[in-house]
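An overview of the molecular structure
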Amino acid sequence: MTVQGSENSSRRGRRSSTMGGMPLNDMPWWRWRSNVRSALHMLSDTDFQRGVWLAGVDGYGDVTDAVYRLVEDTWLDNWSAEKYVGTIFRDSQEAALVDSAVLRVLRIMHQVGPDAAVSVYLDHAGWPEAVRAARDAHVRMAVSDGEDPDAQPRTLEVLQIMTRAA
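The following paragraphs examine the structure supplied in this document. Just so we're clear, the structure is a prediction, and the values are computed from it rather than from any experiment.

Conventions used here
Residues numbered from 1 in each chain as written. Predicted model: local features only at pLDDT ≥ 70, side-chain atom pairs only at ≥ 80, totals over all residues. Heavy atoms only, no water. Helix = DSSP H or I, 4+ residues; strand = E, 2+ residues; numbered from the N terminus. Buried < 20%, exposed > 50% of the residue type's maximum accessible area, 1.4 Å probe, protein only. Contact = heavy atoms within 4.5 Å. Areas by Shrake-Rupley, 256 points an atom, 1.4 Å probe, with all protein chains shown as cover. Polar contact = N/O pair within 3.5 Å; in protein donor to acceptor, adjacent residues only side chain to side chain. Arc of directions from axis to C-beta. Core = buried A, V, L, I, M, F, W, Y, C linked by side-chain atoms within 4.5 Å.

Looking only at helices and strands, one finds seven helices and two strands in the protein chain. In the protein chain, the succession of α and β elements from N to C terminus is β-β-α-α-α-α-α-α-α. Within the protein chain, the proportion of its 166 residues that are buried is 43%. A sequence separation of at least 24 residues applies to 65% of the contacts in the protein chain between residues at least 6 apart. Carbon and sulfur atoms make up 50% of the accessible area of the protein chain, which amounts to about 8600 Å² in all.

This is the structure we're talking about:
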């Protein structure tokens, strides 16, 4: 099912049909989807985590930033992603994969604390399982959006430009 933009849209002028390759018109809450995907992408890539987060490279935030991006607009820390099927998530399988990742990542965050160093997250016994769950969700969402799940995560600045520009 394709969801078309409203006639009363605040967006005027030329409409872009994609955002970084992701179709815009098929998910009404694509900005939230973009934030969830960005977070899952970073949480699912151990090479990125070690080479960027652990190394302190600017522009990507840290683990806590990714967790907040994952749950801040969606409240996925309070209810199931199933609530958003058809708005943020394409189907129940995608929602279930996101729920699995959110639960694993939040469990670790609650154990180590939101202000813990990146190394504390990465060394946590449950981290590989959280990374795997995030990877499963990320791959499913990226492929559904026609993007390469193995591409490098985008900087937060690029994410902001993409979500603001469309």
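Having seen the model, we can carry on.
On to the side chain of Thr87, then. Locating Thr87 in the fold gives a position in the loop between helix H3 (63–71) and helix H4 (92–112). Polar contacts involving the side chain of Thr87 include one to the main-chain carbonyl oxygen of Tyr84, which spans 2.9 Å.

What follows covers helix H2 (residues 46–53). All of the buried residues in H2 are Phe48, Gln49, Val52 and Trp53. Projection of H2 onto a plane perpendicular to its axis shows the buried side chains occupying an angular sector of 100°, all on one side. In this structure, the buried side of H2 is in contact with helix H1 (30–43), H3, helix H5 (118–123) and helix H6 (127–144). N-cap assignment for H2: the residue whose side-chain oxygen lies 3.0 Å from the backbone N of Asp47 is Asp45.

Within the secondary structure layout, Leu70 lies in helix H3. On the accessibility criterion, Leu70 (2% relative accessible area) is buried. Along the sequence, Leu70 and Val36 sit 34 residues apart, while their C-alpha atoms lie 4.6 Å from each other. Not counting the four nearest positions on each side in its chain, Leu70 is found in contact with Val36, Ala39, Leu40, Leu43, Leu76 and Val102.

With that out of the way, let us pick up the nonpolar core. Leu40, Leu43, Trp53, Phe89, Val98 and Trp127 are the most contacted members of the largest nonpolar core, which totals 38 residues. If you list the elements that add at least two residues to this core, you get H1, H2, H3, H4, H5 and H6. Residues in contact with Trp127, not counting those within four places in the same chain, are Leu43, Gln49, Val63, Ile108, Tyr121 and Leu122.

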